[in-house]
Amino acid sequence: MINRPADLMAQIERDLLDEKPLDTLLRKLILLGGNAGSPELRNWASLELRGYGRDVELPPYRTVSAPLQVDGAVSGGIVRHETIGAMDIPDFARDEINEQVPLRMGVSEIHSMVNQHRNDRIVKLQPPGAPDLVTYMNGTREMNGHITALYWSVSTIALAGVLDQIRTRLAELIAELRSATPQGQNLPTPTQAANAVNFVINGRGNRVSIAQAADGSTITAAPEEAKPRFWTRARLVGAAAVGLATIAGTVIAALQLPIW
């Protein structure tokens, strides 16, 4: 049975509640983006499925913290899982290799790593250019011993957390699309979809909701004006107090003038 494009958003909603695999949900989102004419929906879902290239900006939720560790040989024997600090990395590589791990692989690969390391709960991820960096570090002899491997020890809990973040953003995205799509309109417009992606994924723009008027027309609810910060309110109150004092002083002075 071929599902109608108009059912795609409802399908994704049901699949989210049924805890269907994340890659299945993202593929349906690609189809939804195609039917809605939204490159933003298609691009985000495709990046999550295929992975983020080195030339693509990585969303903040795809960076996790993990210790840098090395395996090697010292005079006393073999060393494994020896934690080092970012300052032990040559200065020219510290911007790329530190305790922050960018996860650029697709969701299926992340899920596979979590499943394969359920027992030890640690995944070794090699930084970009690690073999060449190890050769350089061994050549400078700044480290005590001979390094054989450099890697991040990433917890499977952190990896599972990234998958949960992606699933949550997908749920927020569908909720935003549902809220912005008027009743009777099967699919969001490209503009509505672009606004939803910018708000949920990129953290830009404003939340927009659609209300149904009594005559059947739709009303777009504008975003609420942000309340002034405390210091702003205090300045406004202070300015008002100064203004009132000035007016009061003027009135008193006028009353004290002699009547001719």
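Residues numbered from 1 in each chain as written. Predicted model: local features only at pLDDT ≥ 70, side-chain atom pairs only at ≥ 80, totals over all residues. Heavy atoms only, no water.

Colleague: How should I be thinking about unusual backbone geometry in this particular structure?
Modeller: Peptide bonds are mostly trans, and most non-glycine residues show a negative phi. Phi at His81 is positive, roughly 55°, even though this residue is not glycine. Tracing the sequence through the fold places His81 in strand E3 (residues 77–84). In this structure, Arg121 takes a positive phi of about 65° despite not being glycine. Tracing the backbone shows Arg121 in the loop between helix H4 (107–116) and strand E5 (122–125). Since its relative accessible area comes to 54%, Arg121 is described here as exposed. (Helix = DSSP H or I, 4+ residues; strand = E, 2+ residues; numbered from the N terminus. Buried < 20%, exposed > 50% of the residue type's maximum accessible area, 1.4 Å probe, protein only.)

Colleague: It is not clear to me how the sheet that holds E5 should be interpreted in this structure. Could you clarify?
Modeller: Each strand in a sheet pairs with its neighbour through backbone hydrogen bonds, running either in the same direction (parallel) or in the opposite one (antiparallel). One open sheet holds the four strands; their spatial order is E3-E2-E6-E5, and the pairing between them is antiparallel. Looking along the sheet, the strands with just one partner apiece sit at the ends: E3 and E5. Averaged over all adjacent pairs, the angle separating strand axes in this sheet is 35°, with direction ignored. Where E5 meets strand E6 (residues 146–155), four bridges bridge the pair, whose relative direction is antiparallel. Looking across to E6, one finds that Leu125 is bridged to Trp152. Packing of helix H6 (residues 156–180) onto the sheet brings it into contact with E5 and E6, and relative to E6 it is tilted by some 50°. (Pairing = 2+ DSSP bridges. Axes fitted to C-alpha atoms, helices over the stretch in contact; angles between N-to-C directions. Contact = heavy atoms within 4.5 Å.)

Colleague: What exactly am I supposed to notice about the confidence of the model for the protein chain here?
Modeller: Close inspection of predicted coordinates is inappropriate in any region flagged by low pLDDT. Overall, the predicted model of the protein chain reaches an average pLDDT of 83, with 76% of residues at or above 70. Within the model, pLDDT remains below 50 along residues 209–260, and this stretch shows 24 contacts once partners closer than five positions in the same chain are excluded. (pLDDT = per-residue confidence, 0-100.)

Colleague: Explain the pattern of salt bridges to me, please; I cannot follow it from the model alone.
Modeller: Two side chains carrying opposite charge are able to pair once their charged atoms lie near each other. Taken as a whole and assessed by the stated rule, the structure comprises nine salt bridges. The partner of Asp23 in a salt bridge is Arg27, with the nearest N and O atoms 3.5 Å apart. Of this pair, Asp23 and Arg27 both sit in helix H2 (residues 22–36), separated by four residues, roughly a single helical turn. A salt bridge links Arg54 to Glu96, with the nearest nitrogen and oxygen atoms 3.3 Å apart. You can see Arg54 sitting in the loop between helix H3 (39–50) and strand E1 (63–65) and its partner Glu96 sitting in the loop between E3 and strand E4 (100–102), a full 42 residues away along the chain. Residue Glu96 is classed as partly exposed on the basis of its relative accessible area of 47%. Taken together, the shared-partner salt bridges connect Asp15, Lys20 and Lys28 into one network. (Salt bridge = Lys/Arg side-chain N within 4 Å of Asp/Glu carboxyl O.)

Colleague: Whenever I open this one, the packing of H2 against H6 confuses me. Can you help?
Modeller: Any two packed helices are characterised by how steeply their axes cross, that is the angle between the axes, and by the distance between the axes. The N-to-C vectors of H2 and H6 enclose an angle of 35°; their axes lie 11 Å apart at closest approach. The crossing of H2 and H6 is left-handed. In this structure, H2 contributes Leu22, Leu25, Leu29 and Leu32 to the contact, and H6 contributes Leu163, Ile166, Arg167, Leu170, Leu173, Ile174 and Leu177. Per-class residue counts for the contact of H2 with H6 are ten nonpolar, no polar and one charged. (Left-handed = near helix turned anticlockwise from the far one by under 90°. Nonpolar A, V, L, I, M, F, W, Y, C, P; charged D, E, K, R; others polar.)

Colleague: How should I be thinking about the packing of aromatic side chains in this particular structure?
Modeller: Here the distance between the centres and the angle between the planes together describe a pair of aromatic rings. Scanning the model with the defined rule gives one aromatic pair in all. Residues Phe92 and Tyr136 carry aromatic rings whose centres are separated by 5.2 Å and whose planes lie at 85° to one another, so their mutual orientation is edge-to-face. In this pair, Phe92 sits in the loop between E3 and E4 while Tyr136 sits in helix H5 (residues 130–140), placing the two residues 44 residues apart along the sequence. Classification of Phe92 by relative accessible area gives exposed; the value is 56%. For Tyr136, a relative accessible area of 41% puts it in the partly exposed group. Over the ring of Tyr151 we find Lys124, and its NZ or CZ is 4.7 Å from the ring centre. (Phe/Tyr/Trp six-rings, centres within 6.5 Å; stacked < 30°, edge-to-face > 60°. Lys NZ or Arg CZ within 6 Å of the ring centre and 35° of its normal.)

Colleague: Any chance you could explain the nonpolar core here in plain terms?
Modeller: Burial of nonpolar side chains together is a common tendency in soluble globular proteins. In terms of nonpolar packing, the biggest core is built from 54 residues, with Leu29, Leu32, Trp44, Ile89 and Ile174 touching the most fellow members. Among the elements that line this core, the one with the most residues is H6, at eight residues. If sequence neighbours within four positions are ignored, Leu32 has contacts with Leu8, Met9, Ile12, Ile174, Leu177 and Leu187. (Core = buried A, V, L, I, M, F, W, Y, C linked by side-chain atoms within 4.5 Å.)

Colleague: Mind showing me how you'd approach the environment of Ala86 here?
Modeller: Within the element layout of this structure, Ala86 appears in the loop between E3 and E4. Judged by relative accessible area, which is 18%, Ala86 ranks as buried. Spatially, the C-alpha atom of Ala86 lies 6.7 Å from that of Glu99, the residues being 13 residues apart in sequence.

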